[in-house]
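Architecture and fold: a report
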Amino acid sequence: LMQPLTAAALQPLLKRPTPIVTRTQNRSDWAVTVDRGDWVEICVPSRTEYVSRIQDLLDLLERSKLDQDTRDELILAIDELVTNAMEWGNQYDEGRQVGVSYYCAPDRIMLKIEDEGEGFNTSGLVNPAEDLETHIKKREAEGKRPGGFGVHMIRNLMDDFSYNDRGNIVLLT
């Protein structure tokens, strides 16, 4: 199991701008970028069909290096967080991009998912399983569909998970 990074080590990564580009390959309305630090960044419009494309590309990148359970956990995390970025962050505005940056070190894999939305107050994220009935009623009162379990589930799957101050970038290890 990989050792989690400290909060102090993660903060500069959350605040870091998009990597310096050395190679970019554009595919109509999406782009894949590789920077000097071996980060791979995928930028896509906020359309649900791109969630599976991102998963497929990242799975190809790591197929030979990761065991099936780890790949499955990463695919689940990517699906949930990219969907959240498109839906809640960018509100499915196709003019707004979702960026998924990916880095594989010998001892860890890091993902950074960023949307162009206003962000949100991440301190309000609670474990919905602690009081399921209250959680569901609160979401209904806020006009939201039942849900809110994905982020909590991913926190339990990953070694480290944190948002930036604005709440529109998440970094997981």
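Located above this text is the structure these notes cover.
Attention in this report is confined to the structure presented alongside it. (Residues numbered from 1 in each chain as written. Predicted model: local features only at pLDDT ≥ 70, side-chain atom pairs only at ≥ 80, totals over all residues. Heavy atoms only, no water.)

1. Describing the nonpolar core
Among the nonpolar cores identified, the biggest contains 27 residues, and Leu81 and Val82 are the most heavily contacted of them. Counting only elements with at least two residues in this core, the list comes to β3 (40-45), α2 (49-62), α3 (68-89), β4 (97-105), β5 (108-115), α5 (150-157), β6 (161-163) and β7 (169-172). In terms of residue count, the dominant contributor to this core is α3 (seven residues). Excluding residues within four positions of it along the chain, Val82 makes contact with Val51, Ile54, Val98, Val100 and Ile113. (Core = buried A, V, L, I, M, F, W, Y, C linked by side-chain atoms within 4.5 Å. Buried < 20%, exposed > 50% of the residue type's maximum accessible area, 1.4 Å probe, protein only. Helix = DSSP H or I, 4+ residues; strand = E, 2+ residues; numbered from the N terminus. Contact = heavy atoms within 4.5 Å.)

2. Quick look at a nonpolar patch on the surface
A surface patch of nonpolar side chains, about 230 Å² in accessible area, is lined by Leu132, Ile136 and Phe149. Checked against the element boundaries, Leu132 lands in helix α4 (residues 132-141). (Patch = residues over 30% accessible without salt bridge, like charges linked within 9 Å, V, L, I, M, F, W, Y side chains within 5 Å. Areas by Shrake-Rupley, 256 points an atom, 1.4 Å probe, with all protein chains shown as cover. Salt bridge = Lys/Arg side-chain N within 4 Å of Asp/Glu carboxyl O.)

3. So, the packing of α3 against α5
Running from N to C, α3 and α5 cross one another at 145°; their axes reach a closest spacing of 10 Å. Two packed elements cross with a definite hand, and for α3 against α5 that hand is left-handed. Taking contact as the criterion, the partners of Glu73, Leu76, Ala77, Glu80, Leu81 and Asn84 in α3 are, on α5, Gly150, Val151, Met153, Ile154 and Leu157. (Axes fitted to C-alpha atoms, helices over the stretch in contact; angles between N-to-C directions. Left-handed = near helix turned anticlockwise from the far one by under 90°.)

4. Quick look at the pattern of salt bridges
Tallied over the full model, the rule gives six salt bridges. Note that Glu94 is salt-bridged to Arg47, the shortest N-O span being 3.8 Å. Taken together, the residues Glu94 in the loop between α3 and β4 and Arg47 in the loop between β3 and α2 connect sequence positions 47 residues apart. The exposure class assigned to Glu94 is partly exposed, which follows from its relative accessible area of 49%. Note that Lys137 is salt-bridged to Glu133, the shortest N-O span being 3.1 Å. Here Glu133 and Lys137 lie together in helix α4, a separation of four residues that amounts to about one turn. You'll find Lys137 and Glu133 in the same group, each marked exposed. It is possible to trace a salt-bridge network through shared partners that takes in Arg47, Glu49 and Glu94.

5. Let's talk about the pairing of β4
With six bridges connecting them, β3 and β4 associate as antiparallel partners. The residue bridging Glu41 from the neighbouring strand is Ser101, located in β4. Connecting the antiparallel pair β4 and β5 is a turn made up of two residues. (Pairing = 2+ DSSP bridges.)

6. Description of the pairing of β5
Counting buried positions along β5 yields seven of eight residues, so the element is predominantly enclosed. Judged from the eight bridges that link them, β4 and β5 form a sheet pairing that is antiparallel. Across the sheet, Ala105 pairs through a bridge with Arg108, a residue of β5. In this sheet, β7 lies alongside β5 in antiparallel orientation, the contact comprising four bridges. When the bridges of β7 are listed, Leu111 appears paired with Leu172.

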